[in-house]
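Residues per chain are reported as follows:
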Amino acid sequence: MIHLQNIRLAYNEKKIFSAITWLIPAKSRIGLVGDNGAGKTTLLRAILGDAQLDDGTIEMPRRPRIGYLPQDLVELEPLPVMDYLKRQTGHEELELNVRRSHERIAAGDHERADFAHLLDRYDTASEAFLVRDGFGFEARARRILKGLGFAAGDEDKNCRDFSGGWKMRIFLAVILLSDPGIMLLDEPTNHLDTESMEWLEAYLKNYGGTLLTVSHDHMFLDKLVGQIAELERGRLKIYKGNYSYYLREKQRQAEALAKKRELQKAEIKRIQAYIDRFRAKASKASEVQSRIKQLEKFELLPNAEKSRPVHFRFPEGRRSGREVLVVKDLGKSYGGNTVLAGVDFTVHRGEKVALLGVNGAGKSTLARILAGRETPSRGSVQWGFQVQASFFSQESEQNVAYGRTVWEEARDIDGRASDLELRNLLGAFLFSGDDVNKPVSVLSGGEKSRLALAKILLQESNCLILDEPTNHLDVKTKDIFQNALLHYSGTIVLVSHDRHFLDDLIGRVFELRDGRLHEYAGNYSYFIAKREAELAAAAPAGEAEKAATRTEDNGAPARKPGRSKEERRLEAEERNRIGRIRRELSQELHALEHEIAGIEALKARNQALLCDPLVLQDSPRIQELMKELSEAETKLKKLLPKWEEFMAQLEEMK
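Note that the coordinates shown come from a computational prediction; the quantities given were computed from them, not determined experimentally. (Residues numbered from 1 in each chain as written. Predicted model: local features only at pLDDT ≥ 70, side-chain atom pairs only at ≥ 80, totals over all residues. Heavy atoms only, no water.)

A. Summary view of the sheet that holds strand E18 (residues 516-520). Here six strands make up an open sheet; going across it, the order is E14-E15-E16-E12-E17-E18 and the pairing mixed. The open sheet has two free edges, formed respectively by strand E14 (389-392) and E18, since each of these has just one partner strand. Ignoring which end each strand starts from, the neighbouring axes of this sheet average 15° apart. Relative to strand E16 (residues 491-495), strand E12 (residues 352-356) runs parallel, the two being bridged by four bridges. Pairing of Val353 across the sheet is with Val493, part of E16. (Pairing = 2+ DSSP bridges. Helix = DSSP H or I, 4+ residues; strand = E, 2+ residues; numbered from the N terminus. Axes fitted to C-alpha atoms, helices over the stretch in contact; angles between N-to-C directions.)

Right, dumping it as structure tokens:
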């Protein structure tokens, strides 16, 4: 349980927390939302103990393990990834404690008075190692790294060799491996592709602790949280439901407040009419005075606080030809590394297409090639008649001129927007007041991205190529941009990992997988369902094999209709091959399990003997037993990953 009691914090004259009191029960799953600058990250850091409050207290269980994922990039120690995970999770210390205890016992004198204390320390260290699943740590670490998008062998690479986004994934792996009692995640999906997001959601669904996350990802919050905490103007309001419920309930409450206010205004008008009518009549003086006092005490409900809605539309470009973009046999290689191969597709006028795939699949590379910012190794890109394309790149220097101010960049666009419309648009993208006079060179990466998107909204075009345009947008600004895209009459090719954004916008998906392009006619949800079905059907031991091994009523294998004798023979051979592999794996697994059981029995026997007073009087015997224990632990460390590998192979062949 986490208890915030009357916490207050202000920066200059801006109130961040205004006497917030909040009780967070254990095992809660909460989404923290609010505008940029509302104080969401500060609230997480206050719970962590890293933010100094002006007043109030935050109480929580004694010495809880807290896993905090910051939004900003982190620097990692220059260690191999697996070694870094061991150090940050405490596994390295557990291993070291067991090793040191073992060495002290092996070198100690059993006749000394403190020898029993050494044995106790060894038992304590061994127990802690087992409780934290020490022998299974590396296998768990590899599974988590794989889920977060790392390739086999990446665990041996140095942390410094990875880019910022991948470093954040390593840091997230530390938190998941630590299995803390409280998780504070600040925008955990910012550096993940859609596949890694799906995996993280499945992982966190089984997390048993308290989860408090800041996220702009609508779908992430819908799937994981059961409560939304909205931070607005220094106050916190709780909604008992997921993000979709929060949006509906907030709208309902705003409408209910507006109705109550209208009823109040009608009642005030009625009372005032009575006062005006009978003010001059002596016989009604007491009633009039009573109503005047009633009116003086009347407190009109405040208007619902609303930010001024901003709606913006793309300037209409000229109409393009029906075929906007034709790509034929496109390939791209960097040295000996092939990123794209044999990519073919045609995009027609008005289509909204998503480019999806895991990080490194080639999405941004393809977007740059389409925009003419990069040359393909082979193949061709042909633009259609009268196509005017605008390109948004993840790299901010490609979108804005560093030598200008924000206002100069916006005014430089040859569009039809007035100065008022320009200021409204810049305000929606969080450039208000004097911010418009800032030099572009001093803007943060997120600010440069927002300015580049505002510029795109001002340009006349009939085709947009957008590479991760929503990475630095809050929910309100994202809605403005998405609404503009929904009403855009031109063609869109979009790289994005925002699944809710994609679901509402696009009608066609190009997935880049293993250098090839796979096409799906539908939105993101359709793509996920269709791809899962395809991958299941393509699995070697999928439903097709199960159907092939079904039997007729007489016990004979069922024959598939329309199959030739040769096809049935090949299917039978394939079933026999898979069956033979399964039998061999099962035999190896059985032998391995027998060996592991023997080693664990030896460990249990030696640990029991080391507690025997008679054995403790025999120093050579103690050293022999400790040596056997050390060898047994070394063997188990090698055998357990192999056992997990056999189990995974058999599971895949079911």
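B. Examining the pairing of strand E11 (residues 337-348) more closely. In this sheet, E11 lies alongside strand E10 (residues 323-334) in antiparallel orientation, the contact comprising eight bridges. Its bridge partner being in E11, Val327 is matched across the sheet by Phe345. Here E10 folds back onto E11 in antiparallel fashion, the turn holding two residues, of which Gly335 has a positive phi close to 65°.

C. Up close: the side chain of Ser178. Relative to the helices and strands, Ser178 resides in helix H6 (residues 164-178). A relative accessible area of 16% means that Ser178 is categorised as buried. One polar contact links the side chain of Ser178 to the main-chain carbonyl oxygen of Val174, over a distance of 2.7 Å. The contact partners of Ser178, leaving out residues within four places of it in the chain, are Arg65 and Thr89. (Buried < 20%, exposed > 50% of the residue type's maximum accessible area, 1.4 Å probe, protein only. Polar contact = N/O pair within 3.5 Å; in protein donor to acceptor, adjacent residues only side chain to side chain. Contact = heavy atoms within 4.5 Å.)

D. Quick look at the sheet that holds strand E8 (residues 227-232). The strand order across the open sheet built from six strands is E5-E6-E7-E3-E8-E9, with neighbouring strands paired in mixed fashion. Of all the strands in the sheet, the pair left with one neighbour each is strand E5 (66-69) and strand E9 (235-239). When strand polarity is set aside, the average angle formed by the axes of neighbouring strands in this sheet is 15°. Bridge count between strand E3 (residues 29-33) and E8: four bridges; the pairing is parallel. Across the sheet, the residue bridging to Ile30 is Gln227, located in E8. Along the sheet, H6 contacts E5 and strand E6 (182-186); its crossing angle with E5, the most-contacted strand, is approximately 165°. Against the sheet, helix H9 (residues 243-278) engages E3, E8 and E9, with an angle of about 110° to E9.

E. Broad picture of helix H1 (residues 40-48). All of the buried residues in H1 are Lys40, Thr42, Leu43, Leu44, Ala46 and Ile47. Following H1 by one or two positions, Gly49 adopts a phi angle in the positive range, close to 100°.

F. Structural view of the packing of aromatic side chains. Enumeration according to the criterion identifies ten aromatic pairs in this entry. Ring geometry for Phe150 against Phe162: centres 5.6 Å apart, planes inclined by 75°, an arrangement best described as edge-to-face. Here Phe150 is found in the loop between helix H5 (137-147) and H6, whereas its partner Phe162 is found in the loop between H5 and H6, with twelve residues between them in sequence. Phe162 shares its class with Phe150; the two are buried. An angle of 50° between the planes, with centres 4.7 Å apart, marks the rings of Tyr274 and Phe278 as tilted. You can see Tyr274 and its partner Phe278 sitting in helix H9, four residues apart, about one turn around the helix. For Tyr274, a relative accessible area of 18% corresponds to the buried category. With relative accessibility at 11%, the residue Phe278 sits in the buried group. Following the ring pairs from residue to residue traces out a cluster consisting of Phe150, Phe162 and Trp166. Here Arg291 stacks its cationic end above the ring of Tyr274, 3.9 Å away from the centre of that ring. Over the ring of Trp407 we find Arg423; its NZ or CZ atom is 4.7 Å from the centre of that ring. (Phe/Tyr/Trp six-rings, centres within 6.5 Å; stacked < 30°, edge-to-face > 60°. Lys NZ or Arg CZ within 6 Å of the ring centre and 35° of its normal.)

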